[in-house]
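Okay, here's what each chain looks like letter by letter:
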Amino acid sequence: MPMRKRGSLGRKTVKSKVVKHTRAAATPDEKRTRLQADQVRHSLARAAETPEQYQVRLQSQQVRQNASREAETPEQRQSRLDEDQVRHRVARAAETPVQHVARLLDLRKQRNIAITLKWKAQMHDGFMYNPRNDYESNNLLDIGRMSNVCLKCSALKWKGETPGMCCSSGKVKLPPILKPPEPLCSLLKGETEQSKDFVKHIRLFNNMFAMTSFKSNVDLNNGWTQHSSPRPSVPPFWTSSSSQCFRLPKIQQISPDLLLGRR
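Residues numbered from 1 in each chain as written. Predicted model: local features only at pLDDT ≥ 70, side-chain atom pairs only at ≥ 80, totals over all residues. Heavy atoms only, no water.

The chain appears in an unreviewed UniProt entry as ATP-dependent DNA helicase from Trichonephila clavata.

### Brief notes about the overall build of the chain
Looking only at helices and strands, the chain features nine helices and six strands. For the chain, the proportion of its 263 residues judged to be buried stands at 8%. Across the chain, the fraction of contacts at a sequence separation of at least 24, relative to all contacts at a separation of at least 6, is 30%. Per element, the accessible surface of the chain, about 24400 Å² overall, is 58% carbon and sulfur. (Helix = DSSP H or I, 4+ residues; strand = E, 2+ residues; numbered from the N terminus. Buried < 20%, exposed > 50% of the residue type's maximum accessible area, 1.4 Å probe, protein only. Contact = heavy atoms within 4.5 Å. Areas by Shrake-Rupley, 256 points an atom, 1.4 Å probe, with all protein chains shown as cover.)

### So, a nonpolar patch on the surface
Together, Ile143, Met146, Val149, Leu156 and Trp158 make up a nonpolar patch on the protein surface, roughly 470 Å² of accessible area in all. With respect to the element layout, Met146 can be found in the loop between helix H5 (97-121) and strand S1 (148-149). (Patch = residues over 30% accessible without salt bridge, like charges linked within 9 Å, V, L, I, M, F, W, Y side chains within 5 Å. Salt bridge = Lys/Arg side-chain N within 4 Å of Asp/Glu carboxyl O.)

### With respect to the confidence of the model for the chain
Mean pLDDT over the chain stands at 77; residues scoring 70 or higher make up 68%. Per-element mean pLDDT across the chain ranges from 51 in helix H9 (residues 256-259) up to 91 in helix H4 (residues 74-94). Low pLDDT (under 50) marks residues 225-229, which in the prediction has three contacts with non-local residues, meaning those over four places away or in another chain. Overall, residues 259-263 carries pLDDT values under 50, and its contacts beyond four positions in sequence, including any with other chains, amount to ten contacts. (pLDDT = per-residue confidence, 0-100.)

### A look at the pattern of salt bridges
Opposite charge on two side chains allows them to pair when their charged atoms are near. Throughout the structure, instances matching the rule amount to seven salt bridges. The shortest N-O distance in the salt bridge between Arg80 and Glu72 comes to 2.9 Å. Taking the relative accessible area as the measure of exposure, Glu72 reaches 17% and is therefore buried. Arg87 is the partner of Asp84 in a salt bridge, and the nearest nitrogen-oxygen pair spans 2.9 Å. Of this pair, Asp84 and Arg87 both sit in helix H4, three residues apart, which is roughly one turn of that helix. Among the residues examined, Asp84 registers a relative accessible area of 21% and is labelled partly exposed.

### Section: the side chain of Ser195
Counting through the fold element by element, Ser195 comes out in helix H7 (residues 193-200). The buried category is assigned to Ser195, whose relative accessible area is 1%. Only 3.5 Å separates the side chain of Ser195 from the backbone nitrogen of Gly190, close enough to count as a polar contact. Those residues in contact with Ser195, other than ones at most four positions away along the chain, are Ser186, Leu187 and Gly190. (Polar contact = N/O pair within 3.5 Å; in protein donor to acceptor, adjacent residues only side chain to side chain.)

### Structural notes on the side chain of Glu95
Inspection of the secondary structure puts Glu95 in the loop between H4 and H5. With a relative accessible area of 18%, Glu95 lands in the buried category. At a separation of 3.1 Å, a polar atom in the side chain of Glu95 contacts the side chain of His100. Looking at Glu95, its side chain comes within polar contact range of the side chain of Arg103, at 3.0 Å. Discounting residues that sit within four places of it in the chain, Glu95 has contacts with His100 and Arg103.

### Considerations on the environment of Ser186
With respect to the helices, strands and loops of the structure, Ser186 is situated in helix H6 (residues 184-189). Classification of Ser186 by relative accessible area gives partly exposed; the value is 34%. Engagement of the side chain of Ser186 in a polar contact is seen with the side chain of Glu182, the distance being 2.6 Å.

### Describing unusual backbone geometry
Going from Glu182 to Pro183, the amide bond is cis rather than trans, its omega being 5 degrees. Locating Pro183 in the fold gives a position in the loop between strand S2 (156-157) and H6. The residue Ser154 is not glycine, and still its phi comes out positive at about 65 degrees. With respect to the helices and strands, the residue Ser154 is situated in the loop between S1 and S2. One non-glycine residue, Ser169, lies in the positive phi region at around 55 degrees.

### Considerations on the state of the cysteines
Taken as a whole and judged by the stated rule, the model has zero disulfides. As a non-bridged cysteine, Cys150 has Cys166 as the owner of its nearest cysteine sulfur, 3.5 Å distant. Using a relative accessible area of 8% as the deciding quantity, one classes Cys150 as buried. (Disulfide = S-S within 2.5 Å.)

Given below as structure tokens:
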């Protein structure tokens, strides 16, 4: 049997007019009692609803709220925001210290949940680096600056580092750094043209000592069996039968342009 259409759809019925007149004539105490009864009734109804009903109710509220906000004018939107701000100020001014702490804990819990969900969505981004992504704007990847100073050794540390990880709370004391010998001391000061050029290219000079070659009497074993089987019986390895040393090329053999980074 088809559903009967309401003839009063879109028009105020007699019952709605009576309810409106009754609520307009109600005293503040009667209004407060009615609102409290409505709150209890809504709480009981929401406690008895299933998870599916809960999701349906939230979705319908979201759709209804989005439609209402899309239809409002800029003046109505500003008025709504102002009313919300005033209502929040009044509610926070009237809350007790216990309610204040509970509200802050709830906000912190919601923020932690949001951060956790956001971090889970980016869990494997470290293995899929994309240079077009702006990683610096992500607050989750910002560990801050080294602004914490150790009171024992004056070491700079990040906010999340423990207090005693640098010097074990003053138990470890390193000797002072000795003055470098000449001519290194004069070159590090950056006062002359030669020292300024040295400080400017100090990383290149330091990399020069990485250009070393390994020397030793090495016995190679490619891992093959005696019958030259295509499948090795052991992995390839090598052994050294003498002392090991590193050979550093002479400075005259290195091009000055290469040393100073010139092409």
